[in-house]
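What follows is the residue order along each chain.
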Amino acid sequence: MKTRAITGFFFILIMLGSVLSGEKTFAVFFLILSLLCLDEFYRLVKTDVLSPQRIGGGLLGLSVVSSVLYTLVNDDPRYLLLIVPLTAAVFICELYRKTNNPFQNIAFTFTGVIFTVVPFCFYAGIGFIEGIYNFHYSLGFLILLWSSDTGAYLFGRSLGKNKLFERHSPKKTWEGFFGGMIVSLLAAFILSTQFTGISYIHWAAVSLIIVIGGTLGDLCESMLKRSFHVKDSGNLLPGHGGVLDRFDGLFIAAPLVYVYLAIFTT
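Every chain is numbered on its own, with residues counted from 1 as its sequence reads. In keeping with the predicted nature of the model, local features appear solely for residues at pLDDT of at least 70, side-chain atom pairs appear and are counted solely at 80 or more, and the whole-chain, interface and lining totals rest on all residues. Think of the side-chain values as coming from all heavy atoms in the structure, minus any hydrogens and water.

Below, the discussion takes up the overall build of the protein. Helix numbers and strand numbers start at the N terminus; a helix is a DSSP run of H or I with at least 4 residues, a strand a run of E with at least 2. Helix and strand content of the protein: 9 helices and 2 strands. Along its sequence from the N terminus, the protein presents helices and strands in the succession α-α-α-α-α-α-β-β-α-α-α. In terms of overall dimensions, the protein is globule-like: its C-alpha atoms have a radius of gyration of 19 Å, near the 18 Å expected for 266 residues. A principal-axis box enclosing the C-alpha atoms of the protein has dimensions of 55 × 45 × 35 Å. Within the span of the protein, comprising 266 residues, buried residues form 47% of the whole. With C-alpha atoms as the basis for the radius of gyration, the globule rule is written as 2.2 Å multiplied by the number of residues raised to the power 0.38. Partly exposed residues are those whose accessible area sits between 20% and 50% of the maximum for their type, while under 20% is buried and over 50% is exposed, using a 1.4 Å probe and protein chains only.

The next thing to look at is the environment of V113. Along the chain, V113 turns up in helix α5 (residues 102-127). Whether two residues are in contact is decided by their heavy atoms, any of which lying within 4.5 Å being enough. Setting aside its immediate chain neighbours within four residues, V113 contacts L38, Y42, G57, L60, G61, V64 and V118.

The next thing to look at is the nonpolar core. Here, the term nonpolar core denotes a set of buried Ala, Val, Leu, Ile, Met, Phe, Trp, Tyr and Cys residues that are joined through side-chain atoms within 4.5 Å. Core analysis: the biggest nonpolar cluster contains 63 residues, and F30, Y123 and F141 have the highest contact counts within it. Going through the elements one at a time, α1 (2-20), α2 (23-45), α3 (54-74), α5, α6 (135-159), α7 (174-194), α8 (200-227) and α9 (243-264) are the ones with two or more residues in this core. If one sorts the elements of this core by residue count, α2 sits on top with 12 residues. Filtering out sequence-adjacent residues up to four positions away, F30 remains in contact with M15, S18, V19, F120 and Y123.

One less than the number of residues in a helix, times 1.5 Å, gives the span that helix is expected to have. Counted at 1.5 Å a residue, the expected span for α9 with its 22 residues is 32 Å, and the 31 Å between its end C-alpha atoms agrees. The reported bend at a residue is simply the angle between two axes, fitted to the 7 residues ending at it and to the 7 residues beginning with it. If you look at α9, its biggest bend is around 40°, right at A253, and the proline P255 turns up within four residues after that.

On the surface, F91, I92, L95, Y96 and F103 cluster together to form a nonpolar patch covering roughly 650 Å² of accessible area. Per element, the largest residue contribution to the nonpolar patch is 3 residues, and it comes from helix α4 (residues 83-95). Its location among the elements puts F91 in helix α4. Residues forming no salt bridge and having over 30% relative accessible area are the ones grouped into patches, like charges within 9 Å of each other and nonpolar side chains (Val, Leu, Ile, Met, Phe, Trp, Tyr) within 5 Å. Where accessible areas are quoted, they stem from the Shrake-Rupley method and a 1.4 Å probe; at the residue level, only the protein chains shown are allowed to cover. The term salt bridge refers to a side-chain nitrogen of Lys or Arg lying within 4 Å of a carboxyl oxygen of Asp or Glu.

Our focus in this paragraph is the packing of aromatic side chains. The geometry of an aromatic ring pair is captured by two quantities: the separation of the ring centres and the angle between the planes. Aromatic rings from Phe, Tyr and Trp, taking only the six-membered ring of Trp, are treated as a pair when their centres fall within 6.5 Å; an angle between ring planes under 30 degrees marks them as stacked, one over 60 as edge-to-face, and anything in between as tilted. One pass over the full model with this rule turns up 24 aromatic pairs. Where F128 meets Y133, the ring centres are 5.3 Å apart and the plane angle is 50°; that geometry is what we call tilted. On the basis of relative accessibility, which here comes to 16%, the residue Y133 falls in the buried class.

Attention shifts here to unusual backbone geometry. In the Ramachandran plot, D75 falls in the positive-phi region, its phi being about 55° despite a non-glycine side chain. If you check the backbone angles, H229 has positive phi at about 55° while not being a glycine. Within the fold, H229 resides in the loop between α8 and α9. Residue H229 is classed as exposed on the basis of its relative accessible area, which comes to 74%.

Structural measurements only, silent on function.
Take a look at the structure:
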């Protein structure tokens, strides 16, 4: 627990620093983080019969996130076209690899990009939802996500009896889920008094999306790990496991929050 707390404290400080330091620091930090998640995904799913393209997928992931971030910062979408040849390259490279399951390898190569890199692109988009970088939205997202996780842990540990989805996550309970919702909604109210770009109604809606999407993302990552019989996605963060374990709540929540903000607040 001590190791977990120390790691979490310093990692949160680094994340807050990246969000608050401006658009370029924000972009670089989350570019690196998305690629770490992608590589961790490829390491997790690699088996004797399954071998996704770590290099090809990594280059594709880099092109996706870097071109999206460049577009957000500079309002220049031309570099999004780099995704096209690198997508084709994944298929071409598999022609020359001596593997027994080429299309499974291709499928998991693309799945890694979709599951890890694309959500970070949407999260970055949240910070630019007004057309220019505003840390209120990206920071608010993280605060609501952390509030949900903290509330779920505290309520689940003290009151949890009814299993939420035992097949994939035996420790999650309905009490924890609703506890996370209460704490996140309270955090949304506080945010609405400080970050007034959108009203409390919208912050509350974002909070609910994060609670539901974050829980589903966590369950999906648990399903992934159980499918490959591993406990943690990695060991990069002492006491926490891997970066996938720390950001699983973002993978479904971030795209949904971006869609909500883009439709209802802009």
